[in-house]
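Residues per chain, in single letters:
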Amino acid sequence: MFRSLKLPPILGSLVCSALMLAACSGPSAPQQQGGNVPENNGFLNIYSARHYDSDQEIYDAFEERTGIRVRARESGAAQLLETMKAEGDASPADVILASDAGTLWRFEDAGLTQEVHSQVLDAAIPPHLRDPDGHWFGLAKRYRTIVYDKSAVDPSEVDEFMDLATDRFDDNICARSSSNIYNLSLMSEIIERYGSEAAADWAEGVVGNFAIDPAGGDTDQIRAVAAGACQVALANHYYWVRLATSGASSDREAADATALSFASAGDGAHVNVTAGAVAAHAPNREHAVAFLEFLASPEGQAMLVSQTKEYPVVAGVPLPEGLMKIPEDLKQSDLSLDVLGRNQVEAQQIYDRAGWP
Amino acid sequence: MTSATSSFTLPSWAGRLPLALITLVLAVPVLTAGLSGLLAGGGETWRHILATELWSTTLTTLGMLALTGGLILAIAIPAAWLVTMYSFPGRAVFEWLLILPLAAPGYVLAIAYYDLLNISGPVQNALRDATGWGARDYWFPDITSLPGLCFVLAVALYPYVYLTARSAFTTTSICAIDAARTLGARPFSVLWRVALPGARPAIVAGLTLALMEAAADYGAAGFLNVRTLTVGLFRAWSSYGDAAAAARMALILLAIALTLQWVEKLQRGGAGVQATSKRWQSLDRPALSPLKGWLAAGFCALVFALGFGVPIIRLLWIAVETGDHGRNFTGALTTSLLLASAGAAVAFIVGITIALTARRRGWLSWMAKVAASGGYAVPGAVLALGGIVALNTLGLNLAGGLALVVLIWIYAARFTAAGAQPMEAALARAPRSMGDAARALGAAPAIRVWKIDLPVALSGALVAALILFVEILKELPATLMLRPANWDTLAVRAFAYASDERLAAAALPCLLITGAGLLPVILLSWRLSKARPGS
């Protein structure tokens, strides 16, 4: 009954693996990519709260152009922030990337970014899409939109987010959780435009109009509208575009049944950005600036938005396949985007009080 | 425990030093996170949480634990009882199939079930197509609800109880069961009055692990948007940017874990779970009548389908349907296997030390166990936070190779409890008379530990090592925070795609995690099905 005195083989292999791991001290070398990698001109460490495969292609392209080897660490934004705080001035981070301006404001607020003055960046990126002091730069644009059922809703009924709080949409709204950063950023602008009280009233109105409890992501809300569970939903424009260009016919049908309204959040369509910053203690500051400048170049812009279906921030860069042109007469919000970060805590508090899960 | 303490005494420094070190290593992440929560977590965010959601999230968590626990028992005990005690069609296959859900992380099941059952998913679409109903013309169970979450967690976590219950039923004194049968007790009565009381400590131990895992779950609850404490904790962290307030919420999770641990200890009492008879012979499995046999097979098939078959087939289906495969996963697979092996090895060594000393070292041993349980009930992200706070206090920075060391450390702090449990159970079931015999024969204490306790503990070692390996393979939040650049695991890739709403691309790494975990789990099943003493 005590025959198993010998270590089972699996344990032996576990120990071996542990030893192997101990043997390779330090982070692994960056993956070698195919093609011509020029000689090593140093390193660039990117901390990214974005999660796109296309980002890897961007890193590869940058390596190929400059010979600077890219090492990337992807994580959730809040966790990345704590990690960087913990690393302190020994942090290897050179560049911080995030898919939201409010997130970068938090890094700036924690003293984890530094001022960058680059004529290339300043010339390429419109002023309201970057930090006035150069702490972060918007690199690709997204719109929070109202997706509506084409057969049930007239576009004029959804040209403002405020419309959603009216009785017209009683039992007809689908939305995801309020703690999602896109909903927080939208609320941050509404607070700025209308004031806290009106923003709270709006949240209560919308919660009262929910057709189903918030769950899932933006894509799920669009599908729910297409399925007839509600008439309108909140979603970023690119989720709809991805459905419209999907390989699955059911996805394209969901996009066919619905349409987008670039609704106003008080003074024009609600804009947010994917943004980048140079880390406060960047060991490779020059490489970091070069990387941001690469992202603001026509080539970098095209790569940045090809898969995500965001809009380029640099004028004249062609739109990615499948992305519709923005109506020329569309009024776009020119809110300074650091407001999205500043108001974020209040935004969540208002949602919590309104009972938006 | 009391009688053992007097009969076994190692030189005090020899036994206590490693254990004290282990306790320290396990407790530091929990304690630093807890302390930073206590000291710095009381600001505006905390007051807002207190005013709006603390009670509701706590109640939701308690309700979730109660319902999940009930469901787990309702699934695991009949399943374990049927495959151990009766012959019915497919029994030998179900015996190991029923362990497979152990390989599928809760968040993977949540993704699959949400995709399948949400209002625009294939099930409801088919229903509407078949009936001509509109989306609002009928009631359909909502997977994004507390019961929905409990269902997902129960089908993901029942193997913990299935495993412990099965091995307890297998090793419960056959005499008692035979006697009960001979005396004409009806089968239910044998289960209720003989087998369950004997197996209760093991079942409760398994359930305690499962519930601590459920309390710390963020992946499934977050995806299904059920506001448990853990979900609230992550909201405090990400929306309010207040890691200290999040750590303070973790203290409530810790209190729940300690309560569970205390209840587990209490119900075990002083009696121990040791076999009262050494007559471990194979048990006759009476054949069930054809109808009952097929019902039993149907029940086992349903459990397997819900915990594994349906969600995994759905994931395969999405991955094939859209052709969105994401990038190459070989690097992530290698990293996953490497980290899981290394983490499992460390946690295993820590776990076996705890198990070996569990009956011997009194309060220190209990402290080690409590430290391990505390880690098991707290989300990995909070432990990771505690780890980096501790590092900072030491004046060290989380960079390069040190990050790997910290990651392995956090794996050990998080999962040791899951590894120690099967080995403790093995020790607890062995008759204490063997130790007494060795003592009577004049064996020195250290020899007794080496020659008797270690081999006994190792009989639970395979289960322990495999559970550790699979758990770490599935781990997400601590890996996400602590891994160095270019050390993406499969779970990290799956998370990245899922958070970008590319479920199809997420399906492949999810399947790979399950696949990589499957091999050890099959090994485990095979080993367990041969583990019947005397057969």
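Residues numbered from 1 in each chain as written. Chains lettered and ligands numbered in written order. Predicted model: local features only at pLDDT ≥ 70, side-chain atom pairs only at ≥ 80, totals over all residues.

**Observations concerning the overall build of chain B**
Thinking step 1. For chain B, the helix and strand inventory stands at 24 helices and 0 strands.
Thinking step 2. Sorting the 535 residues of chain B into buried and exposed places 58% on the buried side.
Thinking step 3. Once local pairs closer than 6 in sequence are excluded, the contacts in chain B between residues at least 24 apart make up 87%. (Helix = DSSP H or I, 4+ residues; strand = E, 2+ residues; numbered from the N terminus. Buried ≥ 20, exposed ≤ 12 C-beta atoms within 10 Å, placed from the backbone. Contact = placed C-beta atoms within 7 Å.)

**Examining the overall build of chain A**
Thinking step 1. For chain A, the helix and strand inventory stands at 14 helices and 9 strands.
Thinking step 2. For chain A, with 357 residues in total, the buried portion stands at 57%.
Thinking step 3. Long-range contacts, defined here as pairs at least 24 residues apart, represent 80% of the contacts in chain A between residues at least 6 apart.

**Some details on the pairing of strand 6 (residues 232–236) of chain A**
Residue and element names in this part refer to chain A.
Thinking step 1. Most of strand 6 sits inside the fold, with 5 of its 5 residues counted as buried.
Thinking step 2. Note that strand 4 (residues 137–149) and strand 6 share 5 bridges and pair antiparallel. If you follow valine 147 over to strand 6, its bridge partner there is alanine 233.
Thinking step 3. For strand 5 (residues 173–174) and strand 6, the ladder comprises 2 bridges, and the chain directions are parallel. The residue bridging isoleucine 173 from the neighbouring strand is valine 232, located in strand 6. (Pairing = 2+ DSSP bridges.)

**Considerations on the domain arrangement of chain A**
Think of interface size as the accessible area that goes away when the parts come together; that is how it is often given.
Residues and elements named next belong to chain A.
Thinking step 1. Taken domain by domain, chain A consists of domain 1 (38–140 + 272–312) and domain 2 (143–270 + 325–354).
Thinking step 2. Across the contact, 15 residues belong to domain 1 and 17 residues belong to domain 2.
Thinking step 3. Elements supplying a minimum of two residues to the side of domain 1 that touches domain 2: helix 4 (101–109) and strand 8 (271–278). (Domains from an automatic or database assignment.)

**Here's the deal with the nonpolar core**
The tendency in soluble globular proteins is for nonpolar side chains to be buried side by side.
Thinking step 1. Ranked by internal contacts, the top residues of the largest apolar core, which has 254 residues, are Ile111, Val152, Ala165, Leu224 and Leu468 of chain B.
Thinking step 2. Examining the composition of this core, we find that 19 residues originate from one element, helix 18 (residues 401–429) of chain B, more than from any other.
Thinking step 3. Counting only domains with at least three residues in this core, you end up with domain 1 (38–140 + 272–312) and domain 2 (143–270 + 325–354) of chain A.
Thinking step 4. Each residue touching leucine 468 of chain B, except ones within four places of it in the same chain, is listed here: Ala344, Ala347, Phe348, Phe415, Ala418 and Gly419 of chain B.
Thinking step 5. Among the nonpolar cores identified, the runner-up in size contains 57 residues, and Ile146, Ala165, Ala235 and Ala347 of chain A belong to it. (Core = buried A, V, L, I, M, F, W, Y, C linked by C-beta atoms within 7 Å.)

**Description of the confidence of the model for chain B**
Residue and element names in this part refer to chain B.
Thinking step 1. Mean pLDDT over chain B: 82, with 87% of residues reaching 70 or higher.
Thinking step 2. Per-element confidence in chain B is highest for helix 4 (residues 54–85), whose mean pLDDT is 94, and lowest for helix 1 (residues 2–7), whose mean pLDDT is 41.
Thinking step 3. Low pLDDT (under 50) marks residues 1–8, which in the prediction has 15 contacts with non-local residues, meaning those over four places away or in another chain.
Thinking step 4. A low-confidence stretch, residues 276–280 (pLDDT under 50), is modelled with 10 contacts involving residues beyond four sequence positions or located in other chains.
Thinking step 5. For this predicted complex, the interface confidence comes out at an ipTM of 0.78, alongside a pTM of 0.84. (pLDDT = per-residue confidence, 0-100.)

**Some details on helix 3 (residues 44–52) of chain B**
Thinking step 1. Among the residues making up helix 3 of chain B, those that are buried are Thr45, Trp46, His48 and Ile49 of chain B. The arc that holds the buried residues of helix 3 of chain B, viewed along the axis, is 160°, so those residues lie on one side. Facing away from the buried surface of helix 3 of chain B by more than 90 degrees, the exposed residues are Glu44, Arg47 and Ala51 of chain B.
Thinking step 2. Buried residues belonging to helix 3 of chain B abut helix 14 (344–354) of chain A together with helix 4, helix 12 (229–238) and helix 13 (243–268) of chain B. (Arc of directions from axis to C-beta.)

**Side note on the packing of helix 6 (residues 181–194) of chain A against helix 7 (residues 196–208) of chain A**
All names here are of chain A.
Thinking step 1. It is the contact of helix 6 with helix 7, at a shortest axis distance of 7 Å, that shows an interaxial angle of 135°. Viewed along their axes, helix 6 and helix 7 adopt a mutual orientation that is oblique. Two packed elements cross with a definite hand, and for helix 6 against helix 7 that hand is right-handed. Counting all contacts with helix 6, which are made through Met187, Ile190, Ile191 and Tyr194, the residues of helix 7 involved are Ser196, Ala198, Ala199 and Trp202.
Thinking step 2. Here the contact of helix 6 with helix 7 is composed, by residue class, of 7 nonpolar, 1 polar and no charged. (Axes fitted to C-alpha atoms, helices over the stretch in contact; angles between N-to-C directions. Parallel < 35°, antiparallel > 145°, perpendicular 65-115°, else oblique. Left-handed = near helix turned anticlockwise from the far one by under 90°. Nonpolar A, V, L, I, M, F, W, Y, C, P; charged D, E, K, R; others polar.)

**Observations concerning helix 4 of chain A**
All names here are of chain A.
Thinking step 1. Counting buried positions over the 9 residues of helix 4 gives 8, a clear majority of the element.
Thinking step 2. Ala101, Gly102, Thr103, Leu104, Trp105, Arg106, Phe107 and Glu108 are the residues of helix 4 that are buried.
Thinking step 3. Looking one or two residues beyond helix 4, the residue adopting positive phi is glycine 111, at roughly 75°.

**A look at the pairing of strand 4 of chain A**
Within a regular beta strand, the side chains point alternately toward one face of the sheet and then the other, so they alternate between its two faces.
All names here are of chain A.
Thinking step 1. Summarising burial for strand 4: 12 of the 13 residues are buried, a large majority.
Thinking step 2. Judged from the 6 bridges that link them, strand 4 and strand 8 form a sheet pairing that is antiparallel. Bridged to lysine 141 within strand 8 is valine 273.
Thinking step 3. Alignment of strand 4 against strand 9 (residues 311–312), held across 2 bridges, turns out to be antiparallel. The residue of strand 9 that forms the bridge with alanine 140 is proline 312.
Thinking step 4. Bridge count for strand 4 against strand 7 (residues 258–261) is 4 bridges, and the pairing is antiparallel. Residue pairing across strands places aspartate 149 opposite threonine 258, the latter belonging to strand 7.

**A short note on the packing of helix 10 (residues 187–216) of chain B against helix 13 of chain B**
All names here are of chain B.
Thinking step 1. The contact between helix 10 and helix 13 brings their axes to 9 Å, and the two run at 175°. One finds that helix 10 runs roughly antiparallel with respect to helix 13. On the side of helix 10, the interface is formed by Arg200, Pro201, Val204, Ala205, Thr208, Leu211, Met212, Ala215 and Ala216, while helix 13 contributes Leu253, Ile256, Ala257, Leu260, Gln261, Glu264, Gln267 and Arg268.
Thinking step 2. Tallied by class, the residues present in the contact of helix 10 with helix 13 amount to 11 nonpolar, 3 polar and 3 charged.

**Structural notes on unusual backbone geometry**
Thinking step 1. With a phi close to 65°, lysine 309 of chain A is a non-glycine residue in the positive phi region.
Thinking step 2. With respect to the secondary-structure elements, lysine 309 of chain A resides in the loop between helix 12 (298–306) and strand 9.
Thinking step 3. Of note, asparagine 225 of chain B is a non-glycine position whose phi angle comes to about 55°, a positive value.
Thinking step 4. Mapped onto the fold, asparagine 225 of chain B is located in the loop between helix 11 (219–223) and helix 12.
Thinking step 5. Exposure remark for asparagine 225 of chain B: the 21 C-beta atoms within 10 Å place this residue in the buried category.

**Here we look at the environment of alanine 61 of chain A**
Thinking step 1. With respect to the helices and strands, alanine 61 of chain A occurs in helix 2 (residues 53–66).
Thinking step 2. Separated by 233 residues in the primary sequence, alanine 61 of chain A and phenylalanine 294 of chain A have C-alpha atoms spaced 9.7 Å apart.

**Observations concerning the confidence of the model for chain A**
All names here are of chain A.
Thinking step 1. Averaged over every residue, the pLDDT of chain A is 86; the share at 70 or more is 89%.
Thinking step 2. Model confidence for chain A, summarised as mean pLDDT per element, is weakest for helix 1 (residues 9–23) at 41 and strongest for helix 7 at 97.
Thinking step 3. Within the model, the stretch residues 1–35 combines pLDDT values under 50 with 57 contacts to residues more than four positions away or in other chains.

**What to know about the environment of phenylalanine 169 of chain B**
Residue and element names in this part refer to chain B.
Thinking step 1. With respect to the helices and strands, phenylalanine 169 occurs in helix 8 (residues 146–171).
Thinking step 2. Expressed as a C-alpha distance, the spacing of phenylalanine 169 and alanine 202, which sit 33 residues apart in the sequence, is 9.5 Å.
Thinking step 3. Residues within four places of phenylalanine 169 in sequence aside, it is in contact with Ala80, Trp81, Thr84, Met85, Ala195 and Ala199.

**Comments concerning the environment of phenylalanine 151 of chain B**
Thinking step 1. With respect to the element layout, phenylalanine 151 of chain B can be found in helix 8.
Thinking step 2. Here the alpha-carbon distance between phenylalanine 151 of chain B and leucine 67 of chain B, two residues 84 residues apart in the chain, equals 8.6 Å.

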